[in-house]
Amino acid sequence: MSQESPEAAADQAQPPAATEPFILFDLAGATYAVRSAEIQQLEMVESVTPVPNAPAAVDGVVSVRGQVIPVVNLRARFGFERIAIGLRSRLLVVRRDGRTVGFLVDSAREFARIDPGSIHPPPEGISGLNGRYLEGTAHLGGRLVLVLDMTDLFSPDGLEFASPPPAATEPGESTDP
Amino acid sequence: MSFLTRWGGNGAGDAGSVRVDAARLLGVADEATQAASLQDERAAAQLRRVDAAAARAGEVVRSLGESADQAGEVATAAEQLASSANEMAASIEEITATAANLAASVAETGAAVEESSRSIQQVAATAGEMATAAEEVSAGTVQMAASVKSVAGDTDALSTSVAQLAASVEETSRSTEALAGNADDLAAAAEQSLSSINEMAASIEQAQASAAATAAAVEQVSVSVEETARSVQGVAQNAEVIAASVATAASGAKQLEASIRDAAASAAQAADVTGRLSRDAEEGGAAVEKSIQGLSRVRTSMAQSASVVREMGKRSADISGIVDTINLIAERTNLLSLNASIEAARAGDAGRGFAVVAEEIRHLADRSARATAEIGAIIRGLQEVVQDAVEQASEGQRVADESGRLAEDGLAGLKRILAGIEQSSAHVERIARATEEQGQAARSVVEVVSTAAEQSRQVTAATRDQATALQELVAGSVTMRKSGVQVAAALAEQSRAAREIVKAAQATAGLAGQVRRSATEQAAATTQMTQVVESLRRGAASTSTALAEQSQGAERIAAETGRLTRMIASVSQAMGEQSASAEQIAAAAADMRRQSDQTSRGMAEQARAAAEISTATQSVARQIARVTASNREQTAGARQIQEALAALRESVEAGRAAEVGLDLPERIRLLVRAPAGRQGY
C-alpha cells in the first residue's frame, strides 16, 4: 500500500500531456513496458491450438472474442526458455497494420504512466543487438523497466508470419499518443 | 529377551558340564572296571602262581627230603670211606713195614755185594799178582820149569782159592736170588697197595659222585627256591601293580567325588539362578503384557489421529480449491481492471474517472490476490504438515502394529522361556538330587577303594616279606650250594690225591719191577760169573793138568807159559770185567737200596696221604653233617614257604571273597550310570 499510494497520487497529480500510459508485463525475470495504446486488450490464456508449419516463436492460435489470432511466445521470440501457461499468463493482443497478434508473456498486472523523457536509450553494448525491440530503459519506483518497441516485432524479419490476418479491417484503431 | 537367552544358555552350559562330568565319571568307572577286572585276573594269576609256588615248595620239601636221604647216604659212604681209608692206612703201614724189611734185606744184599765186590777185587788183585807171577813165570820159564812142582802146588792152592771164589760167588748168587725174591715180594706188596689205593680212589670217586649228586640236588633245591623267589617277586610286582591301580582308582574316585561335589554346587547354583530367572521371566512377561496393552491403545489412538489428520488434509484441499477460485477471480479482476485502464486511456479525458476506478479495482484485486497467495502458501504448508502427519501417523501405526506383533512374539517367547525355565528347574532339581546320590555313592566308592588300597598295601607288604624270606632262603641255598661245591672240590682234591697215590703206587710197582728185573739180571750175571768161575776152576784144573803135562814136557812150557800168560791176561781181563760186574752189582744194590728208601719214603707219604684222606673224609663227614643240617633248615624254610604261600593264597582268596575285585567297579558303574541316565535331556 505504501508503494502504491504515491503511485496513485502521481497518476492523479501528473498531467496527462506529460506522461504516457504503459502496460507493464513480466517476462523471464524482467519487467517490460509497452505503450497502452498499442495494446488492444489483455486476455487470460487457457490453451493454445498448435498449427502446422508455424514459425519457431509461434505457439499456435487462440480464439479471442470470436477472432482467431496467432500466439507469439515472447520468451521464444526473445530467446528464452518456454514455460507452461498458468493462471498469471497473459496474452497481449496487439493490432497493427490490420494484423492482430497475441504475445504470450509470463504475467501483466500493472498499468503505469511513464514520462517519455525519462526513457533512456538502451546501453551501447546491446543497442546493436536488441535495438529493434528495445526503445530504452526507464526507472519506475526503483524498478528498471525495459521499454519495448512493438514495431520490429511485427517486421517480416522478426515474425515470419506471411499470411495476413483475415480480420484486419477494423477501422480507426491506429491510436497514438 | 537377550538376558533370558543368556541365562538359559548358562543353565544349558551347567547341565552340559554336568553331563560332561557324568561322562567323565562313566569313563573313570569303566577304567576302574577294567582295572578291577585286571586286578581280578592278576589275583587269579597270583593265586595260580601261589599254587604253583606251593607245589614247587612241596617239590622243594620232597627234594630236600631226598637230598637229606642222599646226604645220609653220603654220610654212610663217607664213613665207609673213612673205614676203608683206615684200612688202607693199616695196609700201607704193613707195606711200610715190609718195605723196611725189604730195605734191610736190600742193605744186607748190598753189604754182601760189596763183600763180593771186594773179594772180586781181591780176586782181580790176585789175578794181577798172578799175571805178574805168570810173567815172572814167563820170564823165568827156565827157572819155573824147575819149580813146576811148587807151581803145581801153587796151582792147587789157586784151584782151592778159585773153588772158594766159586763158593763165594754161588753165595752171592744165592743172596742175589734172595734179593730177587724180596723184590718179588716188594712188587707183590706194591701191587697189593696199588689195588687197595685203587679201591680207595674208587671209593673217593664214589664219594665225589655222591657229593656231586648232593650238589646237583642242592642246585635243584636252589633253582626251585630261586624260581619260588622269582614267582614271589612276580607276585610282589603284581601286588604292587594292583596297589598302584587301586591307588589310581582311589585318586580317580576322589576326583570323581570332587567333581560330583562341584557338580552339586553348580546344580544348586543353577537351581538358584533358575529360580531368579523364573521370577525375572514372570516379571518380564507381566511387563510385556502391559506394554502390549499400551501398544494396542497407542495403535488405536494412532489410527484415530491418522484419520483425523487425513480429514484435515481433505479439508485443506477443499480450502486450497476455494483459494484457487479466489485467486482466479482476483486475476480476472486484475485483467478486467487493466483492460478498463486501457479503455480509459484510449478514451482520454473522458475515461479519467473510469481509469481511477479501474485503478482501485486493480489494487483490490492485487490485494486479494496477495491474500489468496498467502492463504495458498499457508494451505500448502498446512497440506505438507498434514501429509507429514499422515505419513507419520501411518508410520506410527505401522510401528505400533509391529511393536504389538513383536511384543506378542516376546510374550510367546517369554511363555516358552517360562515353560523352559520350569522344565530346566525340574531338571536342575533332579540333577541336584542325582548329584547328591552320586556324591554319597562316590564317598562310599572312595571308602571302598581306600579299603581296597589298604588291603592291597597289606598284600604287597606280605608279599614283600615273603620275597625277603625267599631271598634269605635263596641266600641259604646259595650257601648250601657253595658248601656242596666245597665238598665236591674237597672230594675232587681227594680224588686227585688218590690218583696221585695210585700213580705213586704204580711208580713203586714199576720200581719194584725194575728192582726185580735188575735182581734177575744180577742173578744172571752172578750165574755167568759162576760159570766163569767154573770155567776158571776148570782152567785151573786144566792148568793143573797142563802143569802135570808141564812136568811131563819141559820144552812146551815156554809156549805153554806164553799161553798161560795170555790166559792169565784174559783171566785178568775177565776179572776186570768181573770186577766191573761186581761194581755194577754194587751200584745196582745201592740203587736198589735207594729205591727201597724211596719206596719207604713213598710209603710214608702214602701213610701221610692216607692220614690226610682220613682227615678229609672226616671233614667230608662234617660237611655232609652241615649239609644235612642245612638241608633240615631248608626243609623248615620250605615248610615256611609253603605256609607263607598258603597264607598268601588265603589272603588272595580273602581279597577275592571281599568282592574288592570285580564287584567294586560294577557297583561304580551302576552308581555312575543311574545318574547319567537321569540327567540326559
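Residues numbered from 1 in each chain as written. Chains lettered and ligands numbered in written order. Predicted model: local features only at pLDDT ≥ 70, side-chain atom pairs only at ≥ 80, totals over all residues. Heavy atoms only, no water.

Draft legend 1. Representation of the pattern of salt bridges within the structure. According to the stated counting rule, one finds 19 salt bridges over all chains in the structure shown. Across the salt bridge formed by Arg90(A) and Glu331(B), the nearest N and O atoms sit 2.5 Å from each other. Note that Arg90(A) is positioned in strand S6 (residues 90–96) and Glu331(B) in helix H3 (residues 148–347), a pairing that runs across two chains. Note on Glu331(B): relative accessible area 0%, which makes it buried. Note that Glu395(B) is salt-bridged to Arg398(B), the shortest N-O span being 2.6 Å. Linking Glu395(B) with Arg398(B), this pair stays in helix H4 (residues 352–552), spanning three residues, or about one helical turn. The partly exposed category is assigned to Glu395(B), whose relative accessible area is 38%. (Salt bridge = Lys/Arg side-chain N within 4 Å of Asp/Glu carboxyl O. Helix = DSSP H or I, 4+ residues; strand = E, 2+ residues; numbered from the N terminus. Buried < 20%, exposed > 50% of the residue type's maximum accessible area, 1.4 Å probe, protein only.)

Draft legend 2. Seen up close, the environment of Gly60(A). Residues and elements named next belong to chain A. On the secondary structure map, Gly60 appears in strand S4 (residues 58–64). Through-space distance from the C-alpha of Gly60 to that of Val72 is 7.7 Å; in sequence the pair is 12 residues apart. In contact with Gly60, other than residues within four places in its own chain, are Val48, Thr49, Pro50, Val51, Ile69, Pro70 and Val71. (Contact = heavy atoms within 4.5 Å.)

Draft legend 3. A look at the sheet that holds strand S9 (residues 134–140) of chain A. Residue and element names in this part refer to chain A. Within the open sheet, the five strands sit side by side as S8-S1-S2-S10-S9. Their pairing is mixed. Where the open sheet ends on each side, the last strands, each with one partner, are strand S8 (107–114) and S9. Within this sheet the neighbouring strands show an average axis-to-axis angle of 35°, counted without direction. By the bridge criterion, seven bridges tie strand S1 (residues 20–27) to S8 in an arrangement that is antiparallel. Within S8, the residue paired with Leu24 across the bridge is Glu110. (Pairing = 2+ DSSP bridges. Axes fitted to C-alpha atoms, helices over the stretch in contact; angles between N-to-C directions.)

Draft legend 4. Quick look at unusual backbone geometry. All names here are of chain A. A positive phi angle, near 55°, is found at Asn53, a position not held by glycine. Considering the arrangement of structural elements, one finds Asn53 in the loop between strand S3 (39–44) and S4. Residue class for Asn53 comes out exposed when judged on its relative accessible area of 82%. One non-glycine residue, Arg65, lies in the positive phi region at around 50°. One can find Arg65 in the loop between S4 and strand S5 (67–73).

Draft legend 5. Region of interest: the confidence of the model for chain B. All names here are of chain B. In this model, chain B carries a mean pLDDT of 71, and residues with pLDDT of at least 70 account for 63%. In the model, residues 1–9 has pLDDT below 50 throughout and makes nine contacts with residues more than four positions away in sequence or in other chains. Taken as a whole, residues 676–681 scores under 50 in pLDDT and shows 13 contacts with residues more than four places along the chain or in a different chain. (pLDDT = per-residue confidence, 0-100.)

Draft legend 6. Representation of the side chain of Thr31(A) within the structure. Considering the arrangement of structural elements, one finds Thr31(A) in strand S2 (residues 30–35). A polar side-chain atom of Thr31(A) sits 3.2 Å from a polar atom in the side chain of Asp26(A). (Polar contact = N/O pair within 3.5 Å; in protein donor to acceptor, adjacent residues only side chain to side chain.)

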